[in-house]
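Summary of structural features
The primary structure of each chain is shown beneath.
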Amino acid sequence: TFSTFFFGIMSTKEMISLKTFYDFEATDIQNQTVNMKDYEDHVVLVVNTATKCGFAYQFEGLQKLYEDYKDKKFVVLGFPSNQFANQEPGDLESIKTTCAINYGVGFPLFSKTLVKGDDIHPLFDWLTSEKGGFPSRKIKWNFTKFLIDRNGNVVKRFAPTKKPEKLRKSIENIL
C-alpha cells in the first residue's frame, strides 16, 4: 500500500515529527500511567525539574502560572530528573513533599524521568526533536521548558535560565 511505501522511506526523526504530544504517556508521581491525551485542548508547559537545583525557586513561578491560567485550560507538568549533578536524589515521596511544602506545587508531577541519553523517555525524545537547543537538541540542564499548543504541537523551548514570569506573553499568545 501507499502508507507502507511512504513510511518505509521515512527516517525515524520524520516519523517522530508526525506525532503530537497526545501520542505519549508517562508515569506520574503516584506511579499511575497518564496518557497525555488527558491534556487534549490544553496549553501545556512541560518542565524537567529538580528540587536540589539552583533553579528550584522557579517552582513558585511555575505554580503561579498554573494558578493564573488553569481556568483557561493551561497546565504545567513537572518531570523530575536526576541526570544533572545528582540534583534530584530523593524518592518520589520526598520529591512530592518538598515540592508541596517548600514551593506550594499543586500542578501535576511525574516520576523521575530520563530526559537525555540512550534511554531518554520517548516524550523527551520527541520534545527535543521538535525544538532542539543550541548547539545540540539535547537538554543541558534542569528547568528546560517546552510550551505545547492546544493541538499538541511544541511551539517554543525555553532555557533553564528563563524565569517562569517571562513566559507569560508566549503563553497568553496561544491561550
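Below, the structure is looked at part by part. (Residues numbered from 1 in each chain as written. Predicted model: local features only at pLDDT ≥ 70, side-chain atom pairs only at ≥ 80, totals over all residues. Heavy atoms only, no water.)

Some details on the environment of D125
Rules: Each helix corresponds to a stretch of at least 4 residues labelled H or I by DSSP, and each strand to a stretch of at least 2 residues labelled E; elements are numbered beginning at the N terminus.
Mapped onto the secondary structure, D125 falls in helix 5 (residues 122-130). As for D125 and V115, which are separated by 10 residues in sequence, their C-alpha atoms are 7.5 Å apart.

Regarding the pattern of salt bridges
What counts here: Basic side-chain nitrogens of Lys or Arg form a salt bridge, by our definition, when they fall within 4 Å of a carboxyl oxygen of Asp or Glu. Three labels apply to residues, based on accessible area from a 1.4 Å probe with only protein chains included: buried if under 20% of the type maximum, exposed if over 50%, partly exposed otherwise in between.
Applying the stated criterion across every chain yields a total of 5 salt bridges. In this structure, K64 engages D68 in a salt bridge whose closest nitrogen and oxygen atoms are separated by 3.1 Å. Taken together, the positions of K64 and D68, both in helix 3 (residues 58-69) and 4 residues apart, correspond to about one turn of that helix. When its relative accessible area of 43% is taken as the criterion, K64 is described as partly exposed. Where salt bridges share partners, they join K64, D68 and R168 into one cluster.

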